[in-house]
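Descriptive analysis of the structure
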Amino acid sequence: MLDFVRGALAPGFAWLRAGFAGLLDLALPPSCAACGACPRSASALCPSCDARLLRIPRNGCALCQTVPATDPDGLCPTCIGASGPFAACIAAVAFAGDVEDWIHRFKYPVPGIGGLDPAPWAVVRELVRESAARVSGPSPHLIVPVPLHPRRLRQRGFNPPARLARVLAHDRRTRVDPVALERIRDTPSQTGLARKERQRNVRGAFRARGRIPPHVWLVDDVVTTGSTLAEAARTLRRSGARRIVCVCVARTALGGVPPSLAGPCTR
Ligand SMILES: [Zn+2]
Ligand SMILES: [Zn+2]
């Protein structure tokens, strides 16, 4: 995927990012969240810090984002006809370089800071908005974050995807329900597991509370193989969801090796 991403970073792409300026939250501080020395521009960052984020091309397949879309639904030839649990899986940036650092600092704020670290939160918040702006079609009936198990939620103090889901629900003037989906098994971390192991690890991990409306956005911070999102989406579908779009901040390139062309989010 990284080659595909880098190939699209032609100079002409700058106008797309500049176009985002009008959508920014005016409450953001006027200086760059990274260097603090320059005015921010298209994100919470100044142009040179922003340029270090590896954006996924907008013309990518709406499921795998690894190759350009070729059909009117925004899919690549391989993903057309794939019978996965969701219709699209969109992230604005690759989980690499500075993005890894921003997301880590967002998810694990320095102890004693008394909540979110403002700089990484500002960056990650604008990136998830950028992902959401790439989703075509109407706003969803409901936005659901991927939940943490209650034990992990107590340990961490907050659920990062729930923070992101609230921002998107506010922007879209739609409903967010952080407990529509419960994590009923405290699964070990997915980090370091292969795709099959990840699928096994999260099987039966979720339960939906009540009836889920037809059109749902499922929000997470990072999509790797998509196993967690797929299991969560299947759970939502069993309770009534019909169209599920995953909105994430970043997407891994699995160590530089492109994910399966069948799409990490189609299974
Ligand atoms: Zn800067
Ligand atoms: Zn695809």
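Worth saying up front: this structure is predicted, and the values here are computed from it rather than measured.

Description of the overall build of the protein
If you tally the helices and strands in the protein, you get nine helices and seven strands. In the protein, once contacts between residues fewer than 6 apart in sequence are set aside, the share between residues at least 24 apart is 72%. Here the protein displays about 12000 Å² of accessible surface, and carbon together with sulfur accounts for 56% of that area.

Let's talk about the nonpolar core
In this structure, F86, L218 and L229 are the most contacted members of the largest nonpolar core, which totals 71 residues. With eight residues, helix 5 (residues 118-133) is the largest single contributor of residues to this core. If we ignore the near neighbours within four places in the chain, the residues touching L229 are F86, C89, V146, L218, D220, V223, C246 and C248.

Here's the deal with the coordination of the zinc ion (ligand 1)
Donor atoms from the polypeptide that coordinate the zinc ion (ligand 1) comprise C32 (SG), C35 (SG), C46 (SG) and C49 (SG), at 2.3 to 2.4 Å from the metal. Its four donor atoms give the zinc ion (ligand 1) angles of 102 to 118 degrees at the centre, a pattern that matches the tetrahedral case. Sequence spacing of the donor residues for the zinc ion (ligand 1), all on one chain, is C-x2-C-x10-C-x2-C. Within this pair, whereas C32 is found in the loop between helix 2 (14-19) and helix 3 (47-50), its partner C49 is found in helix 3, the two being separated by 17 residues in sequence.

With respect to the confidence of the model for the protein
Confidence in the prediction of the protein, expressed as mean pLDDT, is 84, and 83% of residues score 70 or more. In this model, residues 9-26 is a region of pLDDT below 50 whose contacts with residues beyond four sequence positions or in other chains number 26 contacts. The model gives residues 254-267 a pLDDT under 50, and that stretch makes 49 contacts with residues more than four places away or in other chains.

Considerations on the coordination of the zinc ion (ligand 2)
Here the zinc ion (ligand 2) is held by the protein donor atoms C61 (SG), C64 (SG), C76 (SG) and C79 (SG), which lie 2.3 to 2.4 Å from it. Around the zinc ion (ligand 2) sit four donor atoms, and with donor-metal-donor angles ranging over 103 to 116 degrees the site reads as tetrahedral. Along the chain, the residues donating to the zinc ion (ligand 2) fall in the pattern C-x2-C-x11-C-x2-C. Residue C61 is located in the loop between helix 3 and strand 1 (88-94), and its partner C79 is located in the loop between helix 3 and strand 1; the two are separated by 18 residues in the primary sequence. A relative accessible area of 0% places C61 in the buried class.

What about unusual backbone geometry?
The backbone phi angle of Q65 is positive, close to 55 degrees, even though this residue is not glycine. Secondary-structure assignment places Q65 in the loop between helix 3 and strand 1. In the Ramachandran plot, R173 falls in the positive-phi region, its phi being about 50 degrees despite a non-glycine side chain. Mapped onto the elements, R173 comes out in the loop between helix 7 (160-172) and strand 3 (175-176). You can call R173 exposed: its relative accessible area is 80%.

Describing the environment of H104
Here H104 lies in helix 4 (residues 98-107). According to the relative accessible area criterion, H104 is partly exposed, its value standing at 46%. In the structure, H104 is positioned 16 residues away from P120 in sequence and 8.5 Å away in space, judged by C-alpha atoms.

With respect to the pairing of strand 6 (residues 215-223)
Across the nine residues that make up strand 6, a large majority, nine, are buried. Two strands pair when backbone bridges link them, and strand 2 (residues 142-145) and strand 6 are joined in this way by four bridges, in the parallel orientation. Its bridge partner being in strand 6, I143 is matched across the sheet by W217. You can see the chain leave strand 6, run along helix 9 (residues 227-238) and come back into strand 7 (residues 243-251), and the turn it takes is right-handed.

Focus on the environment of P214
Structurally, P214 can be placed in the loop between strand 5 (206-208) and strand 6. For P214, a relative accessible area of 45% translates into the label partly exposed. The spacing of P214 and R242 is 28 residues in sequence and 4.8 Å in space, taken between C-alpha atoms.

Side note on the sheet that holds strand 2
Pairing within the open sheet is parallel, and its five strands lie in the order 1-7-6-2-3. The sheet is open, and its two borders are formed by strand 1 and strand 3, each paired with just one other strand. Bridge analysis of strand 6 against strand 7 gives eight bridges, and the strand direction is parallel. Counted as the bridge partner of V219 is V247 from strand 7. Running at roughly 140 degrees to strand 7, helix 5 makes contact with strand 1, strand 6 and strand 7 of the sheet. Contacting strand 1, strand 6 and strand 7, helix 9 runs over the sheet at an angle of about 165 degrees to strand 6.

The rules we used
- Along each chain, the written sequence defines residue order, and numbers are assigned to residues from 1.
- A letter from A marks each chain and a number from 1 marks each ligand, given out in the order of writing.
- Only residues with pLDDT of at least 70 get local features here, since the model is predicted, and only at 80 or more are side-chain atom pairs given and counted; chain-wide, interface and lining totals rely on the full set of residues.
- Values shown for side chains rest on all heavy atoms present in the structure; no hydrogens or waters enter the calculation.
- Secondary structure elements are taken from DSSP: a helix is a run of H or I of four residues or more, a strand is a run of E of two residues or more, and numbering for both begins at the N terminus.
- When checking whether two residues touch, look at their non-hydrogen atoms; a contact exists if any pair is within 4.5 Å.
- Computed by Shrake-Rupley with a 1.4 Å probe, the accessible areas treat only the displayed protein chains as cover when residues are assessed.
- Buried Ala, Val, Leu, Ile, Met, Phe, Trp, Tyr and Cys residues that are joined via side-chain atoms within 4.5 Å together make up what is termed a nonpolar core.
- Classification of residues uses two cut-offs on accessible area relative to the type maximum, computed with a 1.4 Å probe and protein chains only: under 20% is buried, over 50% is exposed, and between them is partly exposed.
- Think of the donor list as every N, O and S atom within 2.8 Å of the metal, or within 3.2 Å for Na, K and Ca; water never makes the list, so a site can look incomplete.
- Donor angles set the geometry label: tetrahedral for four donors if every angle is between 85 and 135 degrees, square planar for four and octahedral for six if opposite donors exceed 155 degrees and the others are between 65 and 115, irregular for anything else.
- Here pLDDT means the predictor's own confidence in every residue, given as a number from 0 to 100.
- At least two bridges found by DSSP between two strands are what make those strands a pair.
- The crossover handedness rule: strands pointing away from the viewer, path from first strand over the helix to second strand clockwise, crossover right-handed.
- In this analysis, axes come from line fits to C-alpha atoms, helices being fitted only over the stretch in contact, and the angle between any two N-to-C directions falls in the range 0 to 180 degrees.

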